[in-house]
Amino acid sequence: MKLSNQTLVTIIALAVLGALIMSFIAISPSIAFALGVILSGLAVHFMQGASPAAVTPDDSSSTSSSSKTIYVGNLPYRANENDVKDLFSEHGEVFAVRLMKDKRTGKRRGFGFVVMNSADVGTAIANLNNKEYGQRTLKVREANEPKNGEDLDSE
DNA sequence: GGTGAGCGA
């Protein structure tokens, strides 16, 4: 029975309202308030349990989209994640790009990580490593801390 | 007004 504060406020509000309403027809205000509490509580409980989508279509089909994380260094500071993602998308299926900017200062650190399909990782690295981008030579490699251990075979 | 090696909380 974990009710949020907002729910409690709602219950109280409905209780007072119910008390006012029932005071016109009922007997004593105290009983009316008590009835209001009970009825509003039931109402809220009913509302919370009225989840139409009781059947959650849980697709536990964990698609093993073999994704690998790639380290990208020597990025130009003016490059955005969108640029990097677009660049890597030309050589494979990119799932996510994380440009690691320092959260302390907010300034960019000039490197990031690209998560893409493991099947395209090799191609992307081969095509984008030492690739001149923004007057700088990109450094593309597999991430040092692999978050997905599917490929033990490497270099 | 800054900034060039580097592997993320």
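Residues numbered from 1 in each chain as written. Chains lettered and ligands numbered in written order. Predicted model: local features only at pLDDT ≥ 70, side-chain atom pairs only at ≥ 80, totals over all residues. Heavy atoms only, no water.

What about the overall build of chain A?
No. 1: What chain A contains, in helices and strands, is four helices and six strands.
No. 2: Along chain A, helices (α) and strands (β) appear in the sequence α-α-β-α-β-β-α-β-β-β when read from the amino end.
No. 3: By residue count, 27% of the 155 residues in chain A fall in the buried class.
No. 4: Taking the intrachain contacts of chain A between residues at least 6 apart in sequence as the baseline, contacts between residues at least 24 apart amount to 62%.
No. 5: Of the roughly 11,200 Å² of accessible surface on chain A, 55% is carried by carbon and sulfur atoms. (Helix = DSSP H or I, 4+ residues; strand = E, 2+ residues; numbered from the N terminus. Buried < 20%, exposed > 50% of the residue type's maximum accessible area, 1.4 Å probe, protein only. Contact = heavy atoms within 4.5 Å. Areas by Shrake-Rupley, 256 points an atom, 1.4 Å probe, with all protein chains shown as cover.)

Section: the sheet that holds strand 6 (residues 139-142)
No. 1: The antiparallel open sheet is built from four strands, whose spatial order is 2-3-1-6. Only two strands of the sheet have a single partner each, and these edge strands are strand 2 (94-101) and strand 6. Mean inter-strand twist for the sheet, computed between neighbouring axes without regard to direction, equals 25 degrees.
No. 2: Sheet topology note: the strand 1 (residues 67-73)/strand 3 (residues 108-117) ladder contains six bridges and is antiparallel. Bridging across to strand 3, Thr69 finds its partner in Val115.
No. 3: Those strands touched by helix 4 (residues 118-128) are strand 1, strand 3 and strand 6, and its axis lies near 140 degrees from that of strand 3. (Pairing = 2+ DSSP bridges. Axes fitted to C-alpha atoms, helices over the stretch in contact; angles between N-to-C directions.)

Observations concerning the confidence of the model for chain A
As a general rule, the predicted coordinates of low-pLDDT regions are not to be interpreted in detail.
No. 1: The share of residues in chain A with pLDDT of 70 or more is 53%, and the mean pLDDT across the chain is 73.
No. 2: Within the model, pLDDT remains below 50 along residues 11-21, and this stretch shows 12 contacts once partners closer than five positions in the same chain are excluded. (pLDDT = per-residue confidence, 0-100.)

Here we look at the protein's contact with DNA strand B
No. 1: Residues in close proximity to DNA strand B total 21 residues, the closest being Leu75, Arg98, Met100, Arg109 and Arg136.
No. 2: For DNA strand B, the fraction of atoms within 4 Å of the protein that belong to sugar or phosphate moieties is 21%.
No. 3: Contacts to DNA strand B include Lys107, whose side-chain N or O atom sits 2.9 Å from a phosphate oxygen.
No. 4: Note that a phosphate oxygen of DNA strand B is positioned 3.0 Å from one of the side-chain N or O atoms of Glu145.
No. 5: Going through the elements one at a time, strand 1, strand 2, strand 3 and strand 6 are the ones with two or more residues in the surface near DNA strand B.
No. 6: The element best represented in the surface near DNA strand B is strand 3, accounting for four residues.
No. 7: Taken together, the residues of the surface near DNA strand B sort by class into eight nonpolar, four polar and nine charged. (Near = heavy atom within 4 Å. Polar contact = N/O pair within 3.5 Å; in protein donor to acceptor, adjacent residues only side chain to side chain. Nonpolar A, V, L, I, M, F, W, Y, C, P; charged D, E, K, R; others polar.)

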